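Analysis of the macromolecular model
Residues per chain are reported as follows:
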Amino acid sequence: MWVTGIGAVTPGGWSVEESWSAVSAGKSCISQVDRFTTFSSSSRVAGMVPGREAVLPEHSLSLEYGVHAARQALERSGLAAVDTAIVANHGERRLPAESASGRVTGVSDIASEVGKVAGASSYSAPYGACAGSAQAIGTAAKLIRSGRAQTALAGGCDALVTPFDFFSFSSLYVMSTRECPPEEASCPFDVRRDGFVLAEGAAFLILESEAHARARGAEPLAVLEGFGLRQNAYHMFAPPPDGRGPADAMREALRDARLDPSAIGYINAHGTSTKDNDSSETMAIREVFGAHADVLPVSSNKSQIGHTMGACGAIEAVLSIQSLRSGIIPPTSNLHEPDPACDLDYVPLKPREIAVDHVLSNSFGFGGHSASLIFGRV
């Protein structure tokens, strides 16, 4: 399965190149929230897309980011339209005080509008929580493999740095409230971590069957080799302490790609900077990769851009492809005090130049959703 186009909007910038420049250098894109008033008991930082620090109540940032990233991906691919669009998102909600309707844009509304931009004859809006856009990419690959489509736009967009969603997540005690400079708040695998940093953005991939891409003379950016999906339903918010669901998703992706675990040269971790996720993911990686886990570089892009929720799987897929193409593994920023329970090679603080042939990207979501993607270098 060829990837012939990529597009992204993140707190690092409005393009793949800007986003990759920030992430690969280990530059934090987290800042103080100034769109609305926060409280001392809540988180007070987020990853916001540049230039959108203040927005009108009725404006759908999720749709704006999604359309922008989709257009980038189409332009990069050289296609005018695709057969189908698969778009993950959480929709957008507004408090009644902000909006007369109390609601601005729904999940299917966003998927439909992004699909129209891509000229798709069909669209779908799968839900997999924070694994949603990775699930969208894997689903698109399965459609193409089955012959039901030749081309697809797949990914996701989310913009939940709004009062409704920000304080909803705060009430679950899953976001960082640590007293520190904003740029240090997201610290995956560090003993000081106390929750994720909410962020926003979008990313899309253009997937094509190899035959279709070759026939039109397209150049592949990478090959999507494997996809694994699991739903363990262990808990609404907490990951399984034994790492079973994530481990099963990684195993399935390896089987799908027909690769031995030792072939993976880098893991782009889900790495949320929450106590439970980071230790659970570490355990799952050790279970799947065995002795190879001791020498396998792992890092988290969320240490630079925060947790973009339904968009994170696609954003991290794009950044994984950039790693393959550049031979650079982004660092895990802010990893100054490693947690003994997180004992892998997390590429702390500085990027690493290593040419790898296969990258595995993990995305795990509330409710037990686990998705893993494997990309190969062309």
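This write-up is about the structure you can find in this document. (Residues numbered from 1 in each chain as written. Predicted model: local features only at pLDDT ≥ 70, side-chain atom pairs only at ≥ 80, totals over all residues. Heavy atoms only, no water.)

With that settled, the discussion passes to the nonpolar core. Ranked by internal contacts, the top residues of the largest apolar core, which has 45 residues, are Ile137, Leu205, Leu207, Leu224 and Phe375. Going through the elements one at a time, β1 (2-9), α1 (16-24), α4 (132-145), β8 (151-159), β9 (200-208), β10 (222-231), α10 (312-326) and β16 (369-376) are the ones with two or more residues in this core. Setting aside its immediate chain neighbours within four residues, leucine 224 contacts Met1, Val3, Ile137, Ala141, Arg145, Leu207, Leu373, Ile374 and Phe375. Within the second largest apolar cluster, 25 residues are counted, among which are Val114, Ala118, Cys157 and Phe204. (Core = buried A, V, L, I, M, F, W, Y, C linked by side-chain atoms within 4.5 Å. Buried < 20%, exposed > 50% of the residue type's maximum accessible area, 1.4 Å probe, protein only. Helix = DSSP H or I, 4+ residues; strand = E, 2+ residues; numbered from the N terminus. Contact = heavy atoms within 4.5 Å.)

All right, on to the sheet that holds strand β7 (residues 122-124) then. Read across the sheet, 10 strands follow the order β7-β4-β8-β9-β1-β10-β16-β15-β11-β12 without closing on themselves; strand pairing throughout is mixed. Sheet topology places β7 and β12 (298-299) at the edges, where each strand pairs with a single neighbour. Two strands pair when backbone bridges link them, and strand β15 (residues 358-365) and β16 are joined in this way by eight bridges, in the antiparallel orientation. For glycine 365, the partnering residue across the bridge sits in β16 and is histidine 369. (Pairing = 2+ DSSP bridges.)

Now for unusual backbone geometry. With a phi close to 55°, alanine 129 is a non-glycine residue in the positive phi region. Considering the arrangement of structural elements, one finds alanine 129 in the loop between β7 and α4. Unlike most non-glycine residues, leucine 349 shows phi in positive territory, near 70°. Tracing the chain through its elements places leucine 349 in the loop between β13 (328-329) and β14 (352-353). Classification of leucine 349 by relative accessible area gives partly exposed; the value is 39%.

Before going further, it helps to spend a moment on the side chain of serine 176. Position of serine 176 relative to the elements: it lies in the loop between α5 (163-171) and β9. Apart from the residues within four sequence positions on either side, serine 176 is in contact with Ser43, Ala185, Asp194, Gly195, Phe196 and Val197.

So, about the pattern of salt bridges. Under the defined criterion, the tally for this structure stands at 21 salt bridges. With its nearest N and O atoms 3.0 Å apart, the salt bridge here joins aspartate 343 to arginine 286. Linking aspartate 343 in the loop between β13 and β14 with arginine 286 in helix α8 (residues 275-289), this pair joins segments that are 57 residues apart in sequence. For aspartate 343, a relative accessible area of 44% translates into the label partly exposed. On the basis of relative accessible area, arginine 286 is assigned to the partly exposed category, the value being 27%. Here arginine 352 ties to aspartate 345 by a salt bridge, and the two come within 2.6 Å at their closest N and O atoms. Here arginine 352 falls in the partly exposed class, since its relative accessible area comes to 26%. The class of aspartate 345 is partly exposed, set by a relative accessible area of 22%. (Salt bridge = Lys/Arg side-chain N within 4 Å of Asp/Glu carboxyl O.)

Topologically, alanine 215 is positioned in helix α6 (residues 210-215). Each C-alpha atom of the pair alanine 215 and arginine 251 lies 33 Å from the other, and the pair is 36 residues apart in sequence.

Moving on to the packing of aromatic side chains. Inspection of the entire model under this criterion finds seven aromatic pairs. Both rings, one in phenylalanine 36 and one in phenylalanine 167, keep their centres 5.8 Å apart while their planes meet at 65°; by these two values the pair is edge-to-face. Placement of phenylalanine 36 in the loop between β2 (31-32) and β3 (45-46) and of phenylalanine 167 in helix α5 is noted, with a sequence separation of 131 residues between them. Using a relative accessible area of 13% as the deciding quantity, one classes phenylalanine 36 as buried. Of the residues examined, phenylalanine 167 reaches a relative accessible area of 24% and is grouped as partly exposed. Geometrically, the ring pair formed by phenylalanine 166 and phenylalanine 167 is edge-to-face, given 5.6 Å between the ring centres and 90° between the ring planes. Of the residues examined, phenylalanine 166 reaches a relative accessible area of 0% and is grouped as buried. In textbook terms, an aromatic cluster arises when at least three aromatic residues are bridged by ring pairs, as seen for Phe36, Phe39, Phe166 and Phe167. (Phe/Tyr/Trp six-rings, centres within 6.5 Å; stacked < 30°, edge-to-face > 60°.)

In terms of residue burial, β9 counts as a mostly covered element, since nine of its nine residues are buried. Alternating residues of β9 divide into Glu200, Ala202, Phe204, Ile206 and Glu208 and Gly201, Ala203, Leu205 and Leu207, and every residue in both groups is buried. Two strands pair when backbone bridges link them, and β8 and β9 are joined in this way by nine bridges, in the antiparallel orientation. The partner of cysteine 157 across the bridge, within β9, is alanine 202.

The end-to-end C-alpha separation of α8 is 22 Å, in line with the 21 Å expected for 15 residues at 1.5 Å each. Looking only at α8, the buried set comprises Asn277, Asp278, Ser280, Glu281, Thr282, Ala284, Ile285, Val288 and Phe289. Turning to α8, the residues buried within the fold contact α7 (244-257), β11 (266-268), β12 and β15. Glycine 290 lies just past α8 and shows a positive phi near 55°. (Expected span 1.5 Å × (residues − 1).)

Turning our eyes to something else, we now look at the side chain of threonine 282. Note on placement: threonine 282 falls in helix α8. Its relative accessible area of 2% is what places threonine 282 among the buried residues. Among the polar contacts made by the side chain of threonine 282, one reaches the main-chain carbonyl oxygen of aspartate 278 at a distance of 2.7 Å. Contacts of threonine 282, omitting those with residues within four sequence positions, involve Phe189, Ala341, Cys342, Asp343, Leu344 and Tyr346. (Polar contact = N/O pair within 3.5 Å; in protein donor to acceptor, adjacent residues only side chain to side chain.)

In short, the description is geometric, and any link to function would need to be established separately.
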